[in-house]
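What the coordinates show
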Amino acid sequence: LTAEAVRAVIPRRSGRLLAVFPRLLTRWETTSSIPEAGEGQIRLTDSCVQRLLEITEGSEFLRLQVEGGGCSGFQYKFSLDTVINPDDRVFEQGGARVVVDSDSLAFVKGAQVDFSQELIRSSFQVLNNPQAQQGCSCGSSFSVKV
Amino acid sequence: MSASLVRATVWAVSKRKLQPTRAALTLTPSAVNKIKQLLKDKPEHVGLKVGVRTRGCNGLSYSLEYTKTKGDSDEEVIQDGVRVFIEKKAQLTLLGTEMDYVEDKLSSEFVFNNPNIKGTCGCGESFHV
């Protein structure tokens, strides 16, 4: 049984996301009248921009989603996409684009997207997320400040 | 009585036979190729070293680093011309493991397919035995 198979078998706790989300949405709506400053943005590090320029083709961009799951309750999910939906927010830097849907944005606004390269793994990461209270040490999963 | 003795003896022998033939660590071709590529630009390093540390939500997590020498208690695996050293602490949990290298556009990583693992955290990085 590979680690990947184990990952596939572990059920997503989307119920928990649904249970928590309405409250967070309410809070976000309350503060939406405040003009969006840097706090509402997502920043891309240089290595993230560079990597995205390398791997994207045509109108492709990096999509960041937050979904229920992982050992701390929520986790980041990255994918390549070409379709921008009405509720998406586009963050562009140096020609590279990261797109986040409005639901996920509530969980990551103010954070940084990085591409980290270590000997054992190279991957996109979310760093310095002010919405995250704590995460597991591999950085994929986090719990939310309330 | 004598029949039962014979059976017990055979069992022990066959058990002992099985143990040494179980490789400490095997590498997939893609892992071998990646390690060769990594070491190509680092002639002073003889190989990679696998360690294990207490980290992550499920207790243990593997680490990987370049190494110039074989440590006193390291176990050495040589396969297709590449060397991987295993730290003493990692040896028990790694026994029988296959080391793979998986790559796609978004990420690339070494993966340990470990038959000894009883559970991993959701993202698969940390595990317990």
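Computed from a prediction, not measured in an experiment: that's the story for all the values here. Residues take numbers from 1 onward in each chain, read along the sequence in its written order. Going through the entries in the order they are written, you letter the chains from A and number the ligands from 1. Whole-chain, interface and lining totals are the exception, using all residues; otherwise, since this is a predicted model, local features are given only for residues with pLDDT of at least 70 and side-chain atom pairs are given and counted only at 80 or more. Heavy atoms throughout the structure, all of them, feed into the side-chain values; hydrogens and water do not.

A separate point is the pairing of strand β4 (residues 75-79) of chain B. Residues and elements named next belong to chain B. Strands qualify as paired when DSSP identifies two bridges or more between them. A run of DSSP states H or I qualifies as a helix once it reaches four residues; a run of E qualifies as a strand once it reaches two. Both are numbered from the N-terminal end. Across five bridges, β4 lies against strand β5 (residues 82-86) in antiparallel orientation. Within the sheet, the bridge partner assigned to glutamate 75 lies in β5 and is isoleucine 86. Following β4, the chain reverses through two residues before pairing antiparallel with β5; aspartate 80 in that reversal takes a positive phi of roughly 50°.

Turning our attention to the environment of threonine 69 of chain B. Positionally, threonine 69 of chain B belongs in the loop between β3 (60-67) and β4. Through-space distance from the C-alpha of threonine 69 of chain B to that of lysine 49 of chain B is 9.5 Å; in sequence the pair is 20 residues apart.

It is worth spelling out the side chain of arginine 63 of chain A at this point. Residue and element names in this part refer to chain A. Structurally, the position occupied by arginine 63 is in strand β2 (residues 61-68). N or O atoms closer than or at 3.5 Å make up a polar contact, with two conditions inside protein: a donor-capable atom paired with an acceptor-capable one, and, for residues adjacent in sequence, both atoms drawn from side chains. A distance of 2.7 Å separates the side chain of arginine 63 from the side chain of aspartate 81, its partner in a polar contact. A distance of 3.0 Å separates a polar atom in the side chain of arginine 63 from the backbone oxygen of valine 83. Should any heavy atoms of two residues lie within 4.5 Å, those residues are counted as being in contact. Non-local contacts of arginine 63, meaning those with residues more than four positions away in its chain, are made with Lys77, Phe78, Ser79, Asp81, Val83, Ile84, Asn85, Asp88, Val99 and Asp101.

Only one rule defines a salt bridge in this text: a Lys or Arg side-chain nitrogen within 4 Å of an Asp or Glu carboxyl oxygen. Scanning the entire structure with this criterion turns up eight salt bridges over all chains. Its salt-bridge partner being arginine 63 of chain A, residue aspartate 81 of chain A comes within 2.7 Å of it at the nearest N-O pair. With a gap of 18 residues between them, aspartate 81 of chain A in strand β3 (residues 74-81) and arginine 63 of chain A in strand β2 connect regions that are remote in the sequence. One salt bridge in this structure joins glutamate 76 of chain B and arginine 83 of chain B, with 2.7 Å as the shortest N-O distance. Per-residue accessibility, obtained with a 1.4 Å probe over protein chains only, is compared with the maximum for each type, and a residue is labelled buried under 20%, exposed over 50%, and partly exposed between these values. Here glutamate 76 of chain B falls in the partly exposed class, since its relative accessible area comes to 31%. Using a relative accessible area of 35% as the deciding quantity, one classes arginine 83 of chain B as partly exposed. Connected via shared salt-bridge partners are Glu57 and Glu60 of chain A together with Lys105 of chain B.

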